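# What the coordinates show
So the chains spell out like this:
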Amino acid sequence: TEPRDLRTNRTMANLLLATNRAADAEPYLSTAADVDPSPVAKIALADYYIVAGQTDKASTLLQTMKVESAWATMVKLRLANIEYRAGHTQEAERLADEILAADKTDVSTLVLKANLLTARGQLEEADRVVQLAIGSNPRSASAHFALGKLNILRRRPEEAKKAFTEALNVNPRAAEAQ
């Protein structure tokens, strides 16, 4: 088989990731990203970097991608989350606002925006945004979890418990809500 064959490299990467050998998957993900003309393999490689704690590599890769509008939200949201986790909240919010300008119902972006507002102490606005996220997708565990965190800060333990319970009902593996 050709060493730069897209299908072979994707298959090897998936096999290694599925068998808990993520460190061995990087060369295959990287080769797939080099040969795949679509953004899919590059986004998969960026996701690998994020999970591996190599956010600088993920950020560099995502920033260099020239993507069509169908992929732009995925790329911007990943960049916004990297910025948020790095403490660059202004850049994270700028990217989140760009996404929401194009799609006011993007649940993941609404949750990020609510988390940014919560971190700034703008709890009423955060509540409004997280309610929009839940309204857009009532089955979003991350939206219910964000509401639970917000209610803890607002000293509303019963409402927090209800939100965390709903997050677990939606996704029983949402360990952070337990």
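Owing to the predicted nature of the structure, the values given are computational and were not obtained by experimental measurement. (Residues numbered from 1 in each chain as written. Predicted model: local features only at pLDDT ≥ 70, side-chain atom pairs only at ≥ 80, totals over all residues. Heavy atoms only, no water.)

### Brief notes about the confidence of the model for the protein chain
Detail in the predicted coordinates should be disregarded across regions flagged by low pLDDT. The predicted model of the protein chain has a mean per-residue pLDDT of 91, with 95% of residues at 70 or higher. Mean pLDDT per element in the protein chain: helix α5 (residues 69–85) is the minimum at 89, and helix α8 (residues 123–136) is the maximum at 97. (pLDDT = per-residue confidence, 0-100. Helix = DSSP H or I, 4+ residues; strand = E, 2+ residues; numbered from the N terminus.)

### Examining the packing of aromatic side chains
Here the structure, examined in full by the defined rule, presents two aromatic pairs. Ring centres 5.3 Å apart and planes at 45 degrees place the aromatic pair Phe 145 and Phe 164 in the tilted group. Linking Phe 145 in helix α9 (residues 141–153) with Phe 164 in helix α10 (residues 157–170), this pair joins segments that are 19 residues apart in sequence. What makes Phe 164 buried here is its relative accessible area of 15%. (Phe/Tyr/Trp six-rings, centres within 6.5 Å; stacked < 30°, edge-to-face > 60°. Buried < 20%, exposed > 50% of the residue type's maximum accessible area, 1.4 Å probe, protein only.)

### Considerations on the packing of helix α7 (residues 107–119) against α8
Close contact between α7 and α8 brings their axes to 8 Å; oriented N to C, the two are set at 165 degrees. As the angle between them shows, α7 and α8 are arranged roughly antiparallel. Regarding α7 and α8, the two cross each other, and that crossing is left-handed. In contact with Val 107, Leu 110, Val 111, Lys 113, Ala 114, Leu 117 and Thr 118 of α7, α8 contributes Leu 123, Glu 125, Ala 126, Val 129, Val 130, Leu 132, Ala 133 and Ser 136. Along the lines of polarity and charge, the residues of the contact of α7 with α8 split into 11 nonpolar, two polar and two charged. (Axes fitted to C-alpha atoms, helices over the stretch in contact; angles between N-to-C directions. Parallel < 35°, antiparallel > 145°, perpendicular 65-115°, else oblique. Left-handed = near helix turned anticlockwise from the far one by under 90°. Contact = heavy atoms within 4.5 Å. Nonpolar A, V, L, I, M, F, W, Y, C, P; charged D, E, K, R; others polar.)

### Re the pattern of salt bridges
Going through the model one piece at a time under the given rule, you end up with 14 salt bridges. The partner of Glu 93 in a salt bridge is Lys 113, and the shortest N-O contact between them spans 2.7 Å. Of this pair, Glu 93 sits in helix α6 (residues 89–102) while Lys 113 sits in helix α7; the two residues are 20 residues apart in sequence, bridging distant segments of the chain. Residue classification places Glu 93 among the buried residues on the basis of a relative accessible area of 14%. (Salt bridge = Lys/Arg side-chain N within 4 Å of Asp/Glu carboxyl O.)

### Observations regarding α9
With 13 residues, α9 extends 19 Å from end C-alpha to end C-alpha; this agrees with the ideal 18 Å at 1.5 Å per step. Burial in α9 covers these residues: Ala 141, Ala 143, His 144, Phe 145, Ala 146, Leu 147, Gly 148, Leu 150 and Asn 151. Considering only its buried residues, α9 is in contact with α7, α8 and α10. A positive backbone phi angle near 60 degrees is found at Arg 155, which sits one or two residues after α9. (Expected span 1.5 Å × (residues − 1).)

### What to know about the environment of Ala 174
Tracing the backbone shows Ala 174 in the segment after α10. Here Ala 174 falls in the buried class, since its relative accessible area comes to 5%. Between the C-alpha atoms of Ala 174 and Pro 157, which are 17 residues apart in sequence, the distance is 19 Å. Setting aside residues no more than four positions away along its own chain, Ala 174 makes contact with Ala 167 and Leu 168.

### Description of the packing of α7 against α9
At a closest axis distance of 10 Å, the pairing of α7 and α9 adopts a crossing angle of 15 degrees. Relative to α9, α7 is oriented roughly parallel. As α7 packs across α9, the resulting crossing turns out to be left-handed. Of α9, the residues touching α7 (which contributes Val 111, Asn 115 and Thr 118) are Ser 142, Ala 143, Ala 146, Lys 149, Leu 150 and Leu 153. The class makeup of the residues in the contact of α7 with α9 is five nonpolar, three polar and one charged.

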